[in-house]
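Examination of the molecular architecture
Each chain is listed here by its residues.
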Amino acid sequence: MDDAPPPPAPGTNQTGMRARNERLVLTLIRRQGPLAKSEITRLTGLSAQSVSVIMRALEAEGLLTREAPQRGRVGQPSVPMALAPRGALFFGLRIGRRAVEMVLIDFLGTCLARRSARHAAPDVDAVLRFAHESLAAISADLPEAEHARIAGLGIALPDRVWDWPEAADGAATRLRDWAERDIAAELGAALPFPVTLHNDANAACGAELTFGRHRDARDFLHIHMGFYIGGGIVLDGRLYTGARGLAGALGSMPVRDGAGQMRQLIALASLSGLERALWEAGLDGSALWETPEGWALPAPLAEAWLARAAPAIAQAIRAAVAVLDLPLVILDGWMPADLRGALVARVRAALAAPGDDGLLRGLEMPELREGSIGPQGRALGAASGPLRARFMTG
């Protein structure tokens, strides 16, 4: 079975195997819902005794909780075990080009607290101050006993944020500092729990993988619409980030615009283009970053953006499918649900259109779905990083 543990590697000790099997059990329950010991034994191939030991240990640690016994079968009633919501807590720091955000989530991915601030461009020192102040304020509201349950801080940051200084509104020097600073190390030096750094689009993909409703999906491309468009890849139920952490860098993919000129996808299908169009129309482009809901977009402006973005995204999907044969694409992001729905419909139509001169011959187009996480994908994804590292197999 896909989730069964592999044979021990040479030199693997019993403690390491038990820790991995504990993560396997927690992963199964996260993906399938509450499970009884007998079901976990069947799904994992572990012995009934091993499963009993693991379940007792996880329950004692406060990570699992017993649900009501299920009766009606011969023998003793089975007792499903579920994830304990307050079994572990995780901070997530999203550093965006127009805002910074800190969240605290529980073991199920429920957001318990959130703080945010807007900026014209991310400044390292300002972000560090915001992070420390937010961590202190949110932690102060927790019961003292739950401080020990904070299992990590994940940071979501655009890769090579300094490579797009045009997004900084005249504050390009603030972006250059990111090339010389290690914010994860600087924060980690002052915190009692692990700090990890993630690409922001990969983080959004990780949120869908960890908390999303598409539980049947084992292989997919995730597209996140933010200030710049980005992507993430899941293979065999695991987030695949590549040898240098750049897998799924969809925004950098060359595509053709309406005039047939080659441009990066980021220039044609990002919300930055919508912001720019609003400013050029004499409207407040910064309003996009105040809330992801209820945007007052003039219909011609929204139509122009959709007409430009959807065919470009479809081109990028075709290229990705040609390499990885992905059966599913999930599109989500910082935008109202109606705009996301309209974009998905346009991209789906573009994927279904026949290619010119047989250019699509041999390609099988994937299913396209709307994401289930929404605008909080990058922040929740940042927090899901330490959760997966410590409590999941993938």
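Summary of the structure given here. Treat the numbers as computed from the prediction; the structure is a model and nothing was measured.

**Re unusual backbone geometry**
If a residue is not glycine, its phi is most likely negative; likewise, a peptide bond is most likely trans. The backbone of Arg160 shows a phi angle near 45°, a positive value even though the residue is not glycine. With respect to the secondary-structure elements, Arg160 resides in the loop between strand E6 (150-157) and helix H5 (172-176). Judged by relative accessible area, which is 45%, Arg160 ranks as partly exposed. With phi around 50°, Asp236 is a residue other than glycine that occupies positive phi space. Within the fold, Asp236 resides in the loop between strand E9 (229-235) and strand E10 (238-240).

**A word on the sheet that holds E9**
Strand order across the open sheet formed by 5 strands is E10-E9-E8-E13-E14, with mixed pairing between neighbours. Looking at the sheet topology across the chains shown, the edges are occupied by E10 and strand E14 (367-370). On average, each strand axis in the sheet is tilted by 30° relative to the strand beside it, whichever way the strands run. With 5 bridges joining them, strand E8 (residues 220-225) and strand E13 (residues 328-333) adopt parallel strand pairing. Within E13, the residue paired with His224 across the bridge is Asp332. The sheet contacts of helix H7 (residues 200-211) involve E8, E9, E10 and E13, and relative to E9 the element is tilted by about 45°.

**So, the sheet that holds strand E7 (residues 195-199)**
Within the open sheet, the 5 strands sit side by side as E5-E4-E3-E6-E7. Their pairing is mixed. Of all the strands in the sheet, the pair left with one neighbour each is strand E5 (111-118) and E7. Strand-to-strand twist in this sheet, taken as the mean axis angle between neighbours without regard to direction, amounts to 15°. Relative to E7, E6 runs parallel, the two being bridged by 5 bridges. Opposite Gly154, over in E7, you have Thr196 as the bridge partner. Sitting on the sheet, H7 is in contact with strand E4 (99-105), E6 and E7, with an inclination near 105° to E7. Across the sheet, helix H12 (residues 377-391) is in contact with strand E3 (89-95), E4, E6 and E7; its angle to E3 comes to roughly 135°.

**Considering the environment of Arg263**
Position of Arg263 among the secondary structure elements: in strand E12 (residues 262-264). The exposure class of Arg263 is partly exposed, given its relative accessible area of 36%. A C-alpha to C-alpha distance of 9.5 Å links Arg263 and Ala312, two positions 49 residues apart in sequence. Those residues within four positions of Arg263 in sequence are excluded, and the remaining contacts are Met253, Pro254, Val255, Asp257 and Leu268.

**Focus on the packing of helix H9 (residues 271-280) against helix H10 (residues 299-324)**
Think of two packed helices as two axes; the pair is described by the angle between the axes and how far apart they sit. Where H9 meets H10, the closest approach of the two axes is 10 Å, and the angle between their N-to-C directions is 150°. For the element pair H9 / H10, the angle class is roughly antiparallel. Taken as a pair, H9 and H10 cross one another with a handedness that is right-handed. Packed against H9, whose contacting residues are Leu271, Gly273, Leu274, Ala277 and Leu278, the element H10 presents Leu301, Trp305 and Arg308 at the interface. Here the residues of the contact of H9 with H10 sort into 6 nonpolar, 1 polar and 1 charged.

**So, the pairing of E5**
Across 7 bridges, E4 lies against E5 in antiparallel orientation. Bridge pairing in E5 places Ala99 opposite Arg118. What sits between the antiparallel neighbours E4 and E5 is a turn of 5 residues, in which Gly109 has the positive phi angle 95°.

**Side note on H12**
If you check H12, its first and last C-alpha atoms are 20 Å apart, about what 15 residues at 1.5 Å a residue would give, namely 21 Å. Most pronounced at Ser384, the bend in H12 amounts to some 30°, and the proline Pro386 follows within four residues. H12 sits mainly inside the fold: 13 of its 15 residues count as buried.

**A look at the pattern of salt bridges**
As enumerated under the stated definition, the model contains 14 salt bridges in all. Residues Arg86 and Glu146 are paired through a salt bridge, measuring 2.7 Å at the closest nitrogen-oxygen approach. Of this pair, Arg86 sits in the loop between strand E2 (81-83) and E3 while Glu146 sits in the loop between helix H4 (124-140) and E6, and the two are 60 residues apart along the sequence. Since its relative accessible area comes to 35%, Arg86 is described here as partly exposed. Given the relative accessible area of 15%, Glu146 is considered buried. In this structure, the salt-bridge partner of Arg114 is Glu101, at a minimum N-O distance of 2.5 Å. Linking Arg114 in strand E5 with Glu101 in strand E4, this pair joins segments that are 13 residues apart in sequence. Under the relative-accessibility criterion, Arg114 is labelled partly exposed at 42%. Since its relative accessible area comes to 0%, Glu101 is described here as buried. Among the ionic contacts, a cluster of salt bridges with common partners joins Arg94, Glu101 and Arg114.

About the cut-offs
Chains are numbered independently. Their residues run from 1 in the order of the written sequence. Thresholds applied to this predicted model are a pLDDT of at least 70 for local features of residues and 80 or more for the giving and counting of side-chain atom pairs; totals over whole chains, interfaces and linings are not thresholded and use all residues. Hydrogen atoms and water are omitted, and side-chain values are computed over all heavy atoms in the structure. Labels follow the DSSP assignment, with helices taken as runs of H or I lasting at least four residues and strands as runs of E lasting at least two, numbered in each case from the N terminus. Whether a residue is buried, partly exposed or exposed follows from its accessible area with a 1.4 Å probe, protein chains only, as a fraction of its type maximum: under 20%, in between, or over 50%, in that order. For two strands to be treated as a pair, DSSP must find no fewer than two bridges joining them. The convention used is that axes are lines fitted to C-alpha atoms, helices contributing only their stretch in contact, and that angles between N-to-C directions extend from 0 to 180 degrees. Residue contacts are counted whenever heavy atoms from the two residues lie within 4.5 Å of one another. For classification, angles of less than 35 degrees are called roughly parallel, those exceeding 145 degrees roughly antiparallel, those between 65 and 115 degrees roughly perpendicular, and all remaining angles oblique. In this scheme the handedness of a crossing depends on how the near helix is turned from the far one: anticlockwise by less than a right angle means left-handed, clockwise means right-handed. Residue polarity is assigned by list, with Asp, Glu, Lys and Arg as charged and Ala, Val, Leu, Ile, Met, Phe, Trp, Tyr, Cys and Pro as nonpolar; anything else, Gly included, falls into the polar class. Helices are assigned an expected span. That span is 1.5 Å times one less than the residue count. Here the bend at a residue means the angle between the axes of two seven-residue stretches, the one that ends at it and the one that starts at it. Just to be clear on terms, a salt bridge is a Lys or Arg side-chain nitrogen sitting within 4 Å of an Asp or Glu carboxyl oxygen.

Note that every value here comes from positions in space, so none of it alone points to a role or purpose.
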